[in-house]
Amino acid sequence: MSVLLDILASVGLWEAVLRIATPLILGTLGVLLCERVGVLNLGIEGIMAFGAMIGWLTVYSGGDLWAGIAAAAACGAAFGLLHALMTVPLGLSQHVTGLGITLFASSVAYYIFRLAVPTASSPPTVEPFRPLPVPMLSDIPFFGPVLFTQTAPTYLALVLVAILAFVLYRTPLGLAIRMTGENPHAVEAQGIDPILVRIGTIMAGSALMGVAGAFLTLAAFNSFFPTMVQGRGWICIALVVFALWRPGRALLGAVLFAFFDAFQLRLQTAVDGVPYQLFLMLPYLLSILALVVMAQRARVPQALMQPYRRGER
Amino acid sequence: MRFERRERPSAALTLLAPLGAIGAALALAGALIATAGANVAEAFGLILQGALGSRLGITETLTRATPLILTGLAAAVAFRARLWNIGGEGQFYMGALAVSAFGLVPGLAAAPAPVAVLACLVAGALAGMALLLVPVTLKLRFGTDEVVTTLLLNFVAILFVSMMIEGALRDPLAFGWPQSVPVPDVALLPQLVERSRLHAGLLIALAMAVAVWWLQERTVFGMRARAAGLNARAAAFAGVPLGRTLVLVGCLSGGLAGLAGAIEVMGVKGYVTTDLSPNYGYSGIVIAMLAALHPIGVIGAALFSAVIFVGADSMSRALGVPSYIADVTVALSLLTMLVALFLVQFRVRR
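This structure is a prediction, so every number in the text was calculated from the model and none was measured.

A. Region of the structure containing the nonpolar core. Grouped together as the largest cluster of nonpolar side chains are 218 residues, with contacts concentrated most on Phe79 and Ile325 of chain B. Once residues lying within four places of it in the same chain are set aside, the contact partners of Ile325 of chain B are Tyr111 of chain A together with Ala29, Leu32, Ile33, Ala312 and Met315 of chain B.

In structure tokens:
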């Protein structure tokens with residue numbers, strides 16, 4: 001019991017929470033955008049892998065850290081465009097297309113990585129984002145290190161939650177996005193092309209997924225290796241259900257999840273005699289639990305996974 | 001530009017579209033090979049030669065195709081009923097682990113070989129089934145989306161395997177490498193061809209493809225499963241017991257994936273490690289789609305993938321093109337096949 005309290009009292013745990021949460025926040029926002037406009041995007045796992053690779057590669061070959069983030073966003077948007085073209089105008093199965101995008105994006109990422117680094121026993125590292133203490137605020141005891149001594153992309157992710165919530169609920173664009181996810185026929189009747197709204201929104205969401213991947217290599221691990229995404233994309237898909245498709249709750253879900261992840265990591269070293277694999281299973285089992293609890297209350301966007309064909313009902 | 005549904009897709013188009021899709025995928029993969037600085041024609045030549053140009057190549061390709069046929073069938077039967085089982089990878093590992101655990105049953109080593117083999121195969125299939133029944137139950141009871149739960153359970157299953165082969169099933173003679181205790185000799189599958197790794201698992205996989213075809217085309221269960229996939233509401237009105245049908249489809253799908261794992265352990269490796277499967281479960285999804293979910297087509301699609309994987313390995317050694325090109329090619333053929341199948345169904349009008 002005292003072990004648990006010791007872990008909970010350590011600043012290190014709480015500092016880690018926002019760092020672990022950042023890729024989940026970005027990825028969850030990306031999935032949320034896609035699903036709010038009516039399209040499931042199972043491409044996230046692969047888009048994150050590609051974002052991680054291209055972000056790392058940009059910086060490794062001499063680019064700026066922000067250039068790495070931009071490259072990841074651009075590539076994410078490109079994969080998003082591919083997913084959107086196949087699922088929206090063609091109306092192909094969103095499950096299968098998304099999985100295809102994941103397999104394609106991740107295998108191309110590994111291919112390009114192996115071209116760049118043909119043989120290396122340990123993956124080459126880059127100089128990652130450094131923590132950026134916010135003046136004044138970072139001096140507050142406990143809250144300073146926990147909230148205000150993070151890396152720049154973490155602040156960006158937090159700001160994005162607010163921006164996205166504002167855009168979705170307070171702008172005509174957001175109204176069009178939400179409406180397309182609920183009733184694309186009504187959108188068409190308003191003189192807005194639901195197909196274009198879907199394509200654009202999926203690209204934006206997928207760009208966020210790319211950035212989520214780039215955070216892994218440019219702020220969390222500072223190197224790339226295959227299979228590094230480790231199901232984080234799938235966890236984001238589960239978190240969107242947990243968040244009931246709302247940006248604020250997505251932040252809450254990602255932070256809550258990251259807290260459990262940081263906690264189990266510390267528990268692994270603190271508790272003897274329990275196989276470490278049991279702790280590593282916890283994040284996945286928690287996501288399933290969250291899905292089960294929330295699936296009951298979930299108000300799914302009405303047109304999710306319904307392809308829209310003009311003139312067809 | 002708009003799309004118009006074809007009244008009756010022509011037979012020629014239906015046959016040519018998949019070939020066009022494979023051709024497009026190979027062309028795109030060729031472009032990637034060119035960026036690696038290799039001669040594309042030489043690379044494709046080496047892939048074919050590596051996979052089919054020698055006795056060793058052919059037996060290796062068939063060995064590789066064996067688990068792929070089974071995981072492809074697992075995905076195909078589930079998808080046809082709109083049960084999105086993406087958990088083939090985890091079910092594969094549970095099947096493999098079950099064989100290794102079952103090998104410890106006292107008396108198995110002394111049992112006659114056919115009994116031991118059959119018992120191990122059944123154990124593997126049951127383990128795969130059990131893992132898939134969790135998300136199926138959650139779906140039926142709570143309405144939880146099975147896509148995400150099956151995906152997440154893959155990671156749980158592999159961690160469980162890792163835990164067992166470092167714990168209760170650890171091989172003490174493996175010099176510290178985490179691997180499971182070996183399967184007793186009586187439970188190993190017989191070799192099919194001398195001096196090769198090809199084993200009787202291939203025959204089991206082929207038999208399963210025929211059995212699944214029979215189940216789907218000639219039984220009430222097959223008809224119900226298809227009805228549930230085409231339109232669940234209409235099927236329910238017509239009196240199809242949806243819940244029971246989905247559970248049965250889940251048993252079949254999970255069982256096939258578990259069987260794949262069991263056969264891989266009993267035919268090739270003899271023990272379980274956490275790198276037993278080079279994504280056999282995920283490849284099964286691609287194979288099912290390439291085969292348009294047809295059980296006999298799965299055999300062809302699995303052979304195609306096996307040729308790419310085995311051939312790319314030997315091409316990669318010769319030319320230095322990363323062997324990930326195989327995964328890229330297979331993923332690309334999934335995407336191009338989806339578009340090709342669309343073009344069979346619809347015509348493009350301006």
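B. How the structure looks around the pattern of salt bridges. Residue and element names in this part refer to chain B. On inspection of all chains with the given rule, the structure shows six salt bridges over all chains. In this structure, Glu146 engages Lys139 in a salt bridge whose closest nitrogen and oxygen atoms are separated by 3.1 Å. Classification of Lys139 by relative accessible area gives partly exposed; the value is 23%. Through salt bridges with shared partners, one network takes in Glu4, Arg347 and Arg349.

C. Main features of the packing of helix H3 (residues 55-80) of chain B against helix H11 (residues 280-290) of chain B. Residues and elements named next belong to chain B. Remark: H3 packs on H11, axes separated minimally by 7 Å, with the N-to-C direction vectors making an angle of 65 degrees. Taken as a pair, H3 and H11 cross one another with a handedness that is right-handed. On H11, the residues touching Arg64, Pro67, Leu68, Thr71, Gly72, Ala75, Ala76 and Phe79 of H3 are Tyr280, Gly281, Ser283, Gly284, Ile285, Ile287, Ala288 and Met289. Classifying every residue of the contact of H3 with H11 gives 10 nonpolar, five polar and one charged.

D. Molecular detail of the interface of chain B and chain A. Contacts between the two partners involve 43 residues from chain B, matched on the other side by 44 residues from chain A. The contact between chain B and chain A buries some 3,800 Å² in all, and 84% of this surface belongs to carbon and sulfur atoms. Counting every contact that joins chain B to chain A gives zero salt bridges. Inspection of the chain B/chain A interface yields five residue pairs in polar contact (both at pLDDT 80 or more). Among the elements that line the side of chain B that touches chain A, the one with the most residues is helix H6 (residues 146-166) of chain B, at 13 residues. Within the side of chain B that touches chain A, the residues separate by chemical class into 35 nonpolar, five polar and three charged.

Reading the values: the criteria
- Residues numbered from 1 in each chain as written.
- Chains lettered and ligands numbered in written order.
- Predicted model: local features only at pLDDT ≥ 70, side-chain atom pairs only at ≥ 80, totals over all residues.
- Heavy atoms only, no water.
- Core = buried A, V, L, I, M, F, W, Y, C linked by side-chain atoms within 4.5 Å.
- Buried < 20%, exposed > 50% of the residue type's maximum accessible area, 1.4 Å probe, protein only.
- Contact = heavy atoms within 4.5 Å.
- Salt bridge = Lys/Arg side-chain N within 4 Å of Asp/Glu carboxyl O.
- Axes fitted to C-alpha atoms, helices over the stretch in contact; angles between N-to-C directions.
- Helix = DSSP H or I, 4+ residues; strand = E, 2+ residues; numbered from the N terminus.
- Left-handed = near helix turned anticlockwise from the far one by under 90°.
- Nonpolar A, V, L, I, M, F, W, Y, C, P; charged D, E, K, R; others polar.
- Buried area = accessible area lost by both parts, 1.4 Å probe.
- Polar contact = N/O pair within 3.5 Å; in protein donor to acceptor, adjacent residues only side chain to side chain.

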